[in-house]
Amino acid sequence: MYFISIIYNKLNYFMKGVILLLISVFCLQVTGFSQSVITGNVVDKKENLKLENATIMLLQAKDSILVDFVRTNSAGKFELKKPNQGDFLVIVSYPKYADFYQLLSPNSEGNLGDIGLQSVENLIEEVVVNRRAAITLKGDTTEYDASQFTVEKNAKVEDLLKVLPGITVDASGKITAQGKTVEKVLVDGEEFFGDDPILVTRNIRSDMVDKVQVYEKKSDQAERTGVDDGIRTQTINVKLKEDAKHGVFGKAEAGVGTDKFYLGQGFLNYFKKSLRVSAFLITSNNGKTSLSGNESDIIDGGEWGDGNYRGEGIPVTTNTGLFYSDKSANDKHKWRLDYKYNQLSTDVDRNVFIQNSLRDTVLLTNSDSKGNNSNKRNNFSFKNESKFDSLTTLTIWAGAGNNNSENISNSISKTVDQFGNRINESNRDFYADSKSTSFNASGLFTRKFSKQGRSLSFYYGLNGAESKGNQLINSKLSYYVDNAWVRDDVIDQRKLNDDKSFDQGASLSYSEPFSKKFVATVEYKLNNTNNSNKVESYNKDATTGEYDQFDALFSNNFDYNTFKNTYSLSFNYKPIEKINFNMSNFLEQSSLKQVDNYTNNEMKRSFLVYAPNIRLNYDISKTKQLNVDYRGENILPSLSQIQPLRSNIDPLNEYLGNENLINAYTHNVSAFMRSTNIMTFTFWGGGITGASTKDALIQNVLTDSEGKNTYTWENLSANNNKSITLFAFYYTTLIKKYQIRHGISPNFSVYENYNYINGTLAKATNENYTLGYGIQKSTTKGLDFDLNLRPGYSVQRNSIRKDSESNGFTFNVDGNFKYFLPKKFQFETNFTYIYQAPTEVYKEKFERFLINPSLSKKFLANETLMLTLAVNDILNQNVGYSRNQSGTQLTERRYNTIGRYYMLKMSWEINKMFVKSN
């Protein structure tokens, strides 16, 4: 009842309106509908045999949408309901027989009598009408016929995906298909602008799409050798229509808003058979920083300075890119090139409050900072695939990039204890600029043999990077005891950074089939990585004003090298068509070496680790699959974790490496099952994932009486870090006639992590319980909606202090309402509601309700020109705020962000095809 009361009290004014609106629309649409029945008998036309389990489908004649279906009984009889309004198509289908179809109007006779089906074997020179099923299963691939699903005119692929049963798309563009996150979206089997799925889903028009395929893509190695290694990537392949493969399409948009907000973007594509040329340009200051962005998805705070905008501050960006791909006429050679340039500048005002609860002391730190960060990035990539013959393939990848960044900030902080006594005060100015370059190149050669399953492959790859930077730090840190000043620590220093890395690796593998059911693969890999890290610190000479006084304490010059030899023996066993079992046994010999170039001290370590990977795929039936996985993972300490570096960039937080670190090892286990009913558009499934890490690499913290935190990397030897997640999903049609679908997706997860806090082992437990429910209607007539509700409960516990526990209710809602008005007008609003209840740690609730309405008018006969008046955050609730808890430390962040503004936008859809379909 507590949960229900919160939902009611906090969303009453919103949810009442939503529910009443849905009920009203439903009632209006169902009024006046009465139903009769359609009956008949299905028999073999020649032999007059009764056909049991024949499929009878009722489709709307105007758009071929499935309304209802039944199967015949043992006597070949069937009965289904017949709506009294509209024309409908009855289709009767039976394996190895030609389909029967008949058009029914509201006044047609309901009794169809005997329906004789013609056997395919006896069918000679007869006209057979082919029916396109909305969803078909082809092995492990689920294929959707785009023409059988209704979307708005000039809609994009993302809009099409949202109406496909079993597929969900959230506000940020993340796609989930049949319970798994989609990592790749291909166009006609090829990558488009690299592997960014949103570049496809938000820019290719849905009316260009013929089919949408969902499947688990095998690894490049498995596809080339023909030997299944068990590695899978959830993938969507968008197959274009033939008449969409020669033409030009794109979009141009410009908008001006209040408070000096603006947006300009263009996206243009040219297709001709295999040739594809694309370009895009974006310039804005309203949060639209790239084609992967979402103007309304700016509610999450995050760090800034990596070239991406996550909601903190006001961004000004220019982003552009070019893409080119083609193949030779004989399909023996394919190539792809793409180039991207990004420039992003962000002004941020931030306040951070940190509560650090120790065993007998609570430290409260409040800091304010202002700054600007700018990044300029260039990236280029190339891929070429050559097929010398049907058995020999060579694929080459190459890429290069550079990044120039500048960061200017000022921060002021103050730390007190739980009684209000001053501990320290800090004032810091910081400036940094850096220039970095990177490159990569690799090649994979594969040779198959005439014997099925026998193959030989060789891989070689290398990549390198170099970064040079300059930093200026001017800070004053004052310490207090019993509210009395003790001393000041002043830093006025310049730092010169020079980091380099070079990595190269090679592998050779051979597969041999011992039978049609059993294939073995042997492989040898070697990898060598060389890193160098150099930081020179110089204090300022008070007399000359030059930074020429070398500070050895905060300077370092390290070389860090790793070398790996990996031997693997893999078995692929397929006893029957439905079962595929793969086991890979990896024996990894790793060595690392570190050299301190200032002292010539050396440190060496070596490890020998066995890591098995096991995967079982079981096709229970054509519509049900089961996957079980186990994966062992060896984790070596990184350069920053192992080096005994000292840094004074943030005097109150110091991070130290540990030369005595050893490798960590993680056991990963997962099981997943899914089922599909294409006739009822029902998808259900679920799974479990778990992980346990031995000798986990953890950060232990020591907080002294002056409020300084020293973080040291160590191996967790006493316990294992563990996690487990259980999830399920069920999607089905709620009301067929009105294309209303709904689904439920419960989720439960537990994480147990350990670290030392001032020498005491602390266990942090995080539990999350979530129940997701979504309902959707998409007909491009009247009201369309997409509503997702996610009530949940979160538990955070720490073994050191019971008063640092944080248990509370959470509730998230997001959705979209769209109403199609006369005269090509359209009203739309998307919204997000977030609620977090008060807890023992967070005494105040947190809630935010963002609503972004818009009114659009389409022009021209093809509706390609649209004028939109939009309001961002009409309630003006998008205050920059985030909070999180890690162990006994809680952090609250407040920052400037994009709030309410009004914008007038004009957009033009470009779509010119030069080939007409028959």
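Along each chain, the written sequence defines residue order, and numbers are assigned to residues from 1. Given that this is a predicted model, residues contribute local features only at a pLDDT of at least 70 and side-chain atom pairs are listed and counted only at 80 or more, while totals for whole chains, interfaces and linings are drawn from all residues. The basis for the side-chain values is all heavy atoms of the structure; hydrogens and waters are excluded.

Let us now look at the overall build of the protein. A run of DSSP states H or I qualifies as a helix once it reaches four residues; a run of E qualifies as a strand once it reaches two. Both are numbered from the N-terminal end. From N to C terminus, the protein includes five helices and 47 strands. Using a 1.4 Å probe on the protein chains alone, a residue whose accessible area is under 20% of its type maximum counts as buried, one over 50% counts as exposed, and one in between counts as partly exposed. For the protein, buried positions account for 48% of its 918 residues. Residue contacts follow a heavy-atom distance rule, with two residues in contact if any of their heavy atoms lie within 4.5 Å. Long-range pairs, those at least 24 residues apart, make up 64% of the contacts in the protein between residues at least 6 apart in sequence. Put simply, the protein shows about 44000 Å² of open surface, and 54% of that area lies on carbon and sulfur atoms. Computed by Shrake-Rupley with a 1.4 Å probe, the accessible areas treat only the displayed protein chains as cover when residues are assessed.

Once that is clear, we can look at the sheet that holds strand β9 (residues 141–145). Sheet strands pair by backbone hydrogen bonding; their relative direction is either parallel or antiparallel. Only strands that DSSP links by at least two bridges are regarded as paired with each other. In spatial order, the strands read β8-β9-β14-β15-β13; together these five strands make up an open sheet with mixed pairing. Two strands in the sheet have a free side with no partner beyond their single neighbour: β8 (135–138) and β13 (184–187). Across the sheet, the axes of successive neighbouring strands diverge by a mean angle of 20°, strand direction being ignored. Where β8 and β9 come together, four bridges link them in antiparallel fashion. Bridge pairing links Leu137 to Thr142 in β9. Think of each axis as a best-fit line through the C-alpha atoms, taken over the contacting stretch in the case of a helix, with angles from 0 to 180 degrees between the N-to-C directions.

In this scheme Phe, Tyr and Trp rings, the latter by its six-membered ring, pair at centre separations within 6.5 Å, and the angle between planes marks the pair as stacked below 30 degrees, edge-to-face above 60, and tilted otherwise. According to the stated counting rule, one finds 22 aromatic pairs in the structure shown. For the ring pair Tyr524 and Tyr567, a centre distance of 5.3 Å and an interplane angle of 40° mean the geometry is tilted. Residue Tyr524 is located in strand β26 (residues 518–540), and its partner Tyr567 is located in strand β28 (residues 556–573); the two are separated by 43 residues in the primary sequence. Given the relative accessible area of 30%, Tyr524 is considered partly exposed. Ring plane angle 10° and centroid distance 4.8 Å describe the contact between Tyr655 and Tyr711, whose orientation is recorded as stacked.

What follows concerns the pattern of salt bridges. We define a salt bridge as a side-chain nitrogen of Lys or Arg found within 4 Å of a carboxyl oxygen belonging to Asp or Glu. Counting across every chain of the model gives 30 salt bridges. The closest approach of N and O atoms between Lys534 and Glu536, which form a salt bridge, is 3.4 Å. The partly exposed category is assigned to Lys534, whose relative accessible area is 31%. What makes Glu536 buried here is its relative accessible area of 18%.

To continue, consider empty space enclosed by the protein. A cavity, in this analysis, means grid points on a 1 Å lattice covering only the protein atoms where a 1.4 Å probe fits yet has no way out; a pocket is instead an open set bounded by protein on both sides within 12 Å along at least five of seven lines, and a residue lines either one if it has an atom within 4 Å of a point. Grid points are joined across faces, edges and corners, and a volume is the space filled by probe spheres set on the points. One pass over the structure, following the stated rule, counts four cavities of 30 Å³ or more. As for the second largest cavity, its lining consists of Asp140, Ala177, Gln178, Lys180, Val214, Tyr215, Glu216, Gln234, Phe672 and Arg674. Sorting the residues of the lining of the second largest cavity by element identifies β14 (209–218) and β33 (664–677) as the ones contributing at least two each. The element that contributes the greatest number of residues to the lining of the second largest cavity is β14, accounting for three residues. Three residue categories are used. Nonpolar comprises Ala, Val, Leu, Ile, Met, Phe, Trp, Tyr, Cys and Pro, charged comprises Asp, Glu, Lys and Arg, and polar comprises the others, including Gly. Looking at side-chain class alone, the lining of the second largest cavity contains four nonpolar, two polar and four charged residues.

What follows is about the nonpolar core. To form a nonpolar core, buried Ala, Val, Leu, Ile, Met, Phe, Trp, Tyr and Cys residues must be joined to one another through side-chain atoms within 4.5 Å. Judged by nonpolar contacts, the single largest core of 34 residues is most densely connected at Tyr144, Phe149, Leu161, Ile167 and Ile236. Every element with two or more residues in this core is listed here: α2 (157–162), β10 (167–169), β11 (175–177), β13, β14, β15 (232–240) and β37 (721–735). With near-sequence residues (within four places) excluded, Leu161 lies in contact with Ile167, Val169, Ile175, Thr201, Val212 and Ile236. Counting residues in each nonpolar core, the second largest holds 18 residues, with Ile38, Leu58, Leu80 and Tyr97 among its members.

The strand order β3-β2-β5-β6 describes an open sheet built from four strands, whose pairing is antiparallel. Each having just a single partner strand, β3 (66–71) and β6 (100–104) make up the two edges of the open sheet. On average, each strand axis in the sheet is inclined to that of its neighbour by 15°, with strand direction left out of account. Where strand β2 (residues 55–60) and strand β5 (residues 88–93) come together, six bridges link them in antiparallel fashion. By the bridge assignment, Met57 is partnered in β5 with Ile91.

Time to look at unusual backbone geometry. With phi around 65°, Asp331 is a residue other than glycine that occupies positive phi space. Assignment of secondary structure puts Asp331 in the loop between β19 (314–327) and β20 (333–357). At Glu863, a position not held by glycine, the phi torsion is positive, near 60°. Position of Glu863 relative to the elements: it lies in the loop between β43 (846–859) and β44 (865–872).

That's the geometry; what it means functionally is another story.
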